[in-house]
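# Fold and geometry: a report
The lines below spell out each chain.
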Amino acid sequence: MSNNLIRLTSLLLSILFISCGETECDCVSPPEETMYFPTNTGTWETKTPESLGWNTANIAALDTYLTEKNTKSCIVLHNGKIVLEKYYNGHTATSLWYWASAGKTLTATVTGIAAQEGLININNKVSDYIGSGWTSAPLAKENLITCKNLLSMNSGLNDALGDTVTPSNLQYVADAGTRWAYHNVYVKLQDVIATATNQTWDNYFNNKLRNPIGMTGAWVTDPTALSVYWSNSRSMARFGLLALANGNWNGTQIINSNYMNAATTTSQPINLAYGYLCWLNGKSSFRLPQSQLQFNGSIITTAPADMYCALGKNDQKIYVVPSRKLVIIRMGEAADSSNLALSTFDEVLWQKINAVVN
């Protein structure tokens, strides 16, 4: 070997030595863990909190808090695998519980599936699908209401008349798009889909969303004629995982990612913390159900800014945190007093979660 070649080889080795450090080369990052999806037959892999470097000493405090706050179940997923799964107060893995308004996100997702199949257009007016007279608003005002208005909660209909969605209870307050109000009129999207698909809402939902991702459960009609979803806890976690994976389930795109991105970003300029029937954290302001007041800051100040969530009456929760690859679900009775979506429970619960996962 010539002297020049020896010098060149020595120089290259020196550069490599300096770049990588004296003890261990970290030039090449380990491969990122592939997102895991449970089988539809029920197999679901786990990982330990220790393997993630979590603060396991604080799990007991989280567990105690959940017990004290009338929780029935809590599941924490990391990148699809179960890290924590606990059942409380007589609830079991097979027990059914209601999603309440957390199930609004199911309706939003199926609406997107119908749109990607060309069966509906969310920018079309609702009456294109279910006919006129579905509200008691003047026809010209009713015709302003699009499917997207129902997804975004800015239909302009009166939110102070209770949950019933009969025409007499759906009264005009403002033009669609000019007023945000948390309103159960969103459920009319289920009628839109049933009409557009020429099948029952339940059948289309089961075939397009529930069955493909291995959920169980059923829609139950309550006394106000609202359709409320009931399932076991792992079914709720499956749906949260679908959201974390941006609509993909183990290689199959159940709902296109463009729609999922739209659903989990601000849908209108009035309530920045609301997408398509889901809540968005980390925004500069927000509005609450049954109020026209605007509040500054995030909806849950203790939670990650990129989190979005499905929130239901009496503290039914699906938290999705892309930056941490987390899905967290909580089912149960109201933690404190009855509420429609957000509560102080969210703030304290995330303090307890942060103490574990940080």
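Report follows, based on the coordinates. (Residues numbered from 1 in each chain as written. Predicted model: local features only at pLDDT ≥ 70, side-chain atom pairs only at ≥ 80, totals over all residues. Heavy atoms only, no water.)

Glancing now at the environment of leucine 242. Inspection of the secondary structure assignment puts leucine 242 in helix α9 (residues 233–244). Expressed as a C-alpha distance, the spacing of leucine 242 and valine 110, which sit 132 residues apart in the sequence, is 13 Å. In this view, leucine 242 contacts Leu209, Ile213, Gly247, Asn248, Trp249 and Ile254; residues no more than four positions away in its chain are not counted. (Helix = DSSP H or I, 4+ residues; strand = E, 2+ residues; numbered from the N terminus. Contact = heavy atoms within 4.5 Å.)

Read from one edge of the open sheet, six strands run β2-β1-β13-β12-β11-β8, paired in antiparallel fashion. Edge strands, defined here as strands with exactly one partner in the open sheet, are β2 (81–87) and β8 (279–280). One ladder, built from seven bridges, connects strand β1 (residues 71–78) with strand β13 (residues 326–332); its direction is antiparallel. Directly across from threonine 71, in β13, lies its bridge partner glycine 332. Along the sheet face, helix α11 (residues 344–357) touches β11 (308–312), β12 (316–321) and β13 and points at about 45° away from the line of β12. (Pairing = 2+ DSSP bridges. Axes fitted to C-alpha atoms, helices over the stretch in contact; angles between N-to-C directions.)

Turning our eyes to something else, we now look at the packing of helix α2 (residues 59–68) against α11. Across the interface, α2 lies against α11 with an axial gap of 8 Å and an inter-helix angle of 160°. In terms of orientation, α2 and α11 fall into the roughly antiparallel class. You can see that α2 and α11 cross each other, and the crossing is left-handed. For the pair α2 and α11, contact is made by Ile59, Leu62, Tyr65 and Leu66 and by Phe345, Val348, Leu349, Lys352, Ile353 and Val356, respectively. Residues that form the contact of α2 with α11 fall into these classes: nine nonpolar, no polar and one charged. (Parallel < 35°, antiparallel > 145°, perpendicular 65-115°, else oblique. Left-handed = near helix turned anticlockwise from the far one by under 90°. Nonpolar A, V, L, I, M, F, W, Y, C, P; charged D, E, K, R; others polar.)

Attention shifts here to the side chain of lysine 69. Tracing the chain through its elements places lysine 69 in the loop between α2 and β1. Polar contacts involving the side chain of lysine 69 include one to the side chain of aspartate 336, which spans 2.6 Å. Dropping the residues within four chain positions of it, lysine 69 is found in contact with Arg330, Glu333, Ala334, Ala335, Asp336 and Phe345. (Polar contact = N/O pair within 3.5 Å; in protein donor to acceptor, adjacent residues only side chain to side chain.)

What follows concerns the pairing of β11. Burial of β11 is extensive: five of the five residues sit out of reach of the surface. Burial along β11 is two-sided: Tyr308, Ala310 and Gly312 facing one way and Cys309 and Leu311 facing the other are all buried. Where β8 meets β11, two bridges bridge the pair, whose relative direction is antiparallel. Opposite tryptophan 279, over in β11, you have cysteine 309 as the bridge partner. Inspection of the sheet shows β11 paired to β12 by five bridges, in the antiparallel sense. Note that in β12 the partner of cysteine 309 across the bridge is tyrosine 319. Counted between consecutive antiparallel strands, the loop separating β11 from β12 contains three residues, among which asparagine 314 sits at a positive phi close to 60°. (Buried < 20%, exposed > 50% of the residue type's maximum accessible area, 1.4 Å probe, protein only.)

With that out of the way, let us pick up the nonpolar core. If you look at the biggest cluster of nonpolar residues, it comprises 106 residues, and the most contacted ones within it are Trp99, Leu106, Leu209, Trp279, Tyr319 and Trp350. With seven residues, α9 is the single largest residue contributor to this core. Among residues more than four places away in sequence, those in contact with leucine 106 are Trp99, Phe205, Leu209, Met215, Trp219, Tyr229 and Phe239. (Core = buried A, V, L, I, M, F, W, Y, C linked by side-chain atoms within 4.5 Å.)

This brings us to α2. Note that an α-helix has 3.6 residues per turn; residues three or four places apart therefore point the same way. Listed as buried for α2 are Leu62, Tyr65 and Leu66. What you see down the axis of α2 is that its buried residues fit within an arc of 100°, all on one side. Two residues or fewer after α2 comes asparagine 70, characterised by a positive phi angle close to 65°. (Arc of directions from axis to C-beta.)

Further remarks concern the environment of threonine 92. Tracing the sequence through the fold places threonine 92 in the loop between β2 and β3 (97–98). With a relative accessible area of 36%, threonine 92 lands in the partly exposed category. Placed eleven residues apart in sequence, threonine 92 and lysine 81 show a C-alpha to C-alpha distance of 19 Å.

Attention now goes to unusual backbone geometry. Comment: phi is negative for the bulk of residues other than glycine, and the bulk of peptide bonds are trans. The backbone of methionine 153 shows a phi angle near 65°, a positive value even though the residue is not glycine. Mapped onto the elements, methionine 153 comes out in the loop between α6 (147–152) and α7 (188–197). Look at asparagine 314: it is not a glycine, yet its phi comes out positive at around 60°. On the secondary structure map, asparagine 314 appears in the loop between β11 and β12. A relative accessible area of 12% means that asparagine 314 is categorised as buried.

The subject of this paragraph is the pattern of salt bridges. Using the criterion set out here, one finds 13 salt bridges in the structure. Between lysine 125 and aspartate 128 there is a salt bridge, with the nearest N and O atoms lying 2.9 Å from each other. Here the salt bridges do not stand alone but share partners, grouping Asp315, Lys317 and Asp346 into one network. (Salt bridge = Lys/Arg side-chain N within 4 Å of Asp/Glu carboxyl O.)

This part covers the state of the cysteines. Applying the stated criterion across every chain, the model contains zero disulfides. Left without a disulfide partner, cysteine 309 is nearest to the cysteine sulfur of cysteine 278, which lies 7.5 Å away. By relative accessible area, which is 2% here, cysteine 309 ends up buried. (Disulfide = S-S within 2.5 Å.)

Attention now moves to the sheet that holds strand β4 (residues 218–221). With antiparallel pairing, three strands are arranged side by side in an open sheet as β3-β5-β4. Either end of the sheet is taken by a strand with one partner, and the two such strands are β3 and β4. As judged from the four bridges shared by β4 and strand β5 (residues 227–231), these two strands associate in the antiparallel manner. By the bridge assignment for β5, tryptophan 219 is matched with tyrosine 229.

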